[in-house]
Amino acid sequence: MTVNLEVSEGVGTIRLARPPMNALDIATQDRLRELAEEATRRDDVRAVVIYGGEKVFAAGADIKEMQVMDHAAMVVRSKALQDSFTAVARIPKPVVAAITGYALGGGCELALCADFRIAGDNAKLGQPEILLGLIPGAGGTQRLARLVGPSKAKDLIFTGRQVRADEALAIGLVDRVVPAAEVYEQAHAWAAKLAQGPAMALRAAKECVDAGLETDVDTGLTIERNWFAGLFATEDRERGMRSFVEEGPGKAKFL
């Protein structure tokens with residue numbers, strides 16, 4: 001398999017396994033969607049890490065595979081490509097990308113689907129599609145601009161240049177830079193901590209933020225209000241408030 005799902009401590013690790021560069025061919029894209037949907041369904045998966053291994057996250061699409069495709073073929077395939085990445089972005093649980101080495105093109109777009117990005121000090125990120133006479137096609141023009149702002153996104157997309165970990169941190173493309181050898185350990189620890197939290201409230205928080213960014217403030221507030229009120233019907237809310245009253249803040253244990 002070119003992508004695998006391993007579960008430990010409530011954390012599902014979606015690991016790319018297509019050496020040497022984890023090129024995202026069609027089979028890998030489809031498998032990624034399947035595992036994102038599986039992670040969404042499984043109750044034993046409460047948070048997710050996306051990882052490419054110790055040397056590389058993902059160096060982008062399989063160019064040789066794309067080269068032989070004509071316009072008609074890509075009209076059909078481009079929707080499936082986007083759907084694979086959207087399945088990751090819509091996992092209703094905390095998702096962290098653990099980035100080592102190259103995260104270029106589709107690899108960068110995959111990292112953009114996470115809620116949080118931890119990069120190794122050897123990481124290089126970018127959207128080099130312009131150098132092929134193309135543009136990002138797996139969400140890069142949309143998710144990158146929403147994350148770092150339109151000006152910085154256009155800089156990366158127009159030039160196709162790669163940014164090192166320190167610049168990626170400075171512009172908000174990644175959230176933390178750590179020694180490359182510690183990337184997965186820290187990503188898993190972050191996810192494992194969140195996996196102990198209230199699952200429904202985390203789901204609500206993620207949906208409110210993500211959906212709110214796609215609409216006006218009033219509609220976003222309605223989404224927030226409905227989720228906020230709805231959480232009063234959950235056991236986690238009862239457990240959290242009871243613990244606060246009886247034991248003080250931050251001591252609740254969620255199932």
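Here's what I pulled together on the structure shown here. (Residues numbered from 1 in each chain as written. Predicted model: local features only at pLDDT ≥ 70, side-chain atom pairs only at ≥ 80, totals over all residues. Heavy atoms only, no water.)

### As for the overall build of the protein chain
Right, on to step 1. If you tally the helices and strands in the protein chain, you get eleven helices and nine strands.
Right, on to step 2. The globule rule puts the C-alpha radius of gyration for 255 residues at 18 Å, and the 19 Å found for the protein chain is close to it.
Right, on to step 3. For the protein chain, the spread of C-alpha atoms along the three principal axes comes to 65 × 40 × 35 Å.
Right, on to step 4. Taken over 255 residues, the protein chain has a buried fraction of 43%.
Right, on to step 5. In the protein chain, of all internal contacts separated by at least 6 residues, the share reaching a separation of at least 24 is 69%.
Right, on to step 6. Only carbon and sulfur atoms are counted for the fraction: they give 56% of the accessible area of the protein chain, which is about 13200 Å². (Helix = DSSP H or I, 4+ residues; strand = E, 2+ residues; numbered from the N terminus. Rg over C-alpha atoms; globule rule 2.2 N^0.38 Å. Buried < 20%, exposed > 50% of the residue type's maximum accessible area, 1.4 Å probe, protein only. Contact = heavy atoms within 4.5 Å. Areas by Shrake-Rupley, 256 points an atom, 1.4 Å probe, with all protein chains shown as cover.)

### Regarding the sheet that holds strand S9 (residues 176–178)
Right, on to step 1. Pairing is mixed across the open sheet formed by six strands, whose spatial order is S1-S2-S3-S4-S6-S9. What marks the edges here is a single partner per strand, and that holds for strand S1 (3–8) and S9. The average undirected angle you get between the axes of adjacent strands in this sheet is 20 degrees.
Right, on to step 2. Looking at chain direction, strand S3 (residues 47–51) and strand S4 (residues 95–99) are connected through four bridges and run parallel. Residue isoleucine 50 lies in a different strand from S4, and its bridge partner there is alanine 97. (Pairing = 2+ DSSP bridges. Axes fitted to C-alpha atoms, helices over the stretch in contact; angles between N-to-C directions.)

### What about the pattern of salt bridges?
Right, on to step 1. Within the structure shown, the criterion is met by 14 salt bridges.
Right, on to step 2. Salt-bridge contacts for aspartate 44 lead to arginine 42; the nearest nitrogen and oxygen are separated by 2.7 Å.
Right, on to step 3. Note on arginine 42: relative accessible area 27%, which makes it partly exposed.
Right, on to step 4. For lysine 79, the salt bridge identified is with aspartate 83, shortest N-O distance 3.0 Å. Remark: aspartate 83 and lysine 79 occur in helix H3 (residues 71–89); sequence separation between them is four residues, near one turn of the helix.
Right, on to step 5. Several salt bridges share partner residues, and in doing so they unite Asp30, Arg33, Glu37 and Arg77 into one network. (Salt bridge = Lys/Arg side-chain N within 4 Å of Asp/Glu carboxyl O.)

### A closer look at the packing of aromatic side chains
Right, on to step 1. What the rule picks out here adds up to three aromatic pairs.
Right, on to step 2. For the pair phenylalanine 116 and tryptophan 190, a centre-to-centre distance of 4.7 Å together with 10 degrees between the ring planes defines the contact as stacked. Residue phenylalanine 116 is located in strand S6 (residues 116–120), and its partner tryptophan 190 is located in helix H8 (residues 183–195); the two are separated by 74 residues in the primary sequence.
Right, on to step 3. Consider the rings of phenylalanine 228 and phenylalanine 232, whose centres lie 5.5 Å apart with planes at 70 degrees: the pair is edge-to-face. (Phe/Tyr/Trp six-rings, centres within 6.5 Å; stacked < 30°, edge-to-face > 60°.)

### Thoughts on unusual backbone geometry
Right, on to step 1. Of the consecutive residues proline 19 and proline 20, the connecting peptide bond is found in the cis state with omega at 5 degrees.
Right, on to step 2. Backbone geometry at glutamate 9 places phi at a positive 55 degrees, although glycine is not the residue there.
Right, on to step 3. Take glutamate 9: its relative accessible area is 61%, and that puts it in the exposed class.
Right, on to step 4. Even without a glycine there, the phi angle at asparagine 22 is positive, about 55 degrees.
Right, on to step 5. Tracing the backbone through its elements, the reader meets asparagine 22 in the loop between strand S2 (11–16) and helix H1 (26–41).
Right, on to step 6. Residue asparagine 22 is classed as buried on the basis of its relative accessible area, which comes to 5%.

### Looking at the packing of helix H5 (residues 140–148) against helix H6 (residues 150–159)
Right, on to step 1. Orientation of H5 relative to H6, taken along the N-to-C sense of each, is 135 degrees, at an axis distance of 7 Å. It follows that H5 is oblique to H6 by the angle criterion. Crossing handedness for the pair H5 and H6: right-handed. Across from Gly140, Thr141, Leu144, Ala145 and Val148 in H5, the residues of H6 making contact are Pro150, Lys152, Ala153, Leu156 and Ile157.
Right, on to step 2. Residues belonging to the contact of H5 with H6 are distributed by class as follows: seven nonpolar, two polar and one charged. (Parallel < 35°, antiparallel > 145°, perpendicular 65-115°, else oblique. Left-handed = near helix turned anticlockwise from the far one by under 90°. Nonpolar A, V, L, I, M, F, W, Y, C, P; charged D, E, K, R; others polar.)

### Brief notes about the environment of alanine 36
Right, on to step 1. Here alanine 36 lies in helix H1.
Right, on to step 2. Separated by 88 residues in the primary sequence, alanine 36 and lysine 124 have C-alpha atoms spaced 24 Å apart.
Right, on to step 3. If near-sequence neighbours (up to four positions away) are discounted, alanine 36 is found in contact with Ile14, Ala87, Val88 and Ile91.

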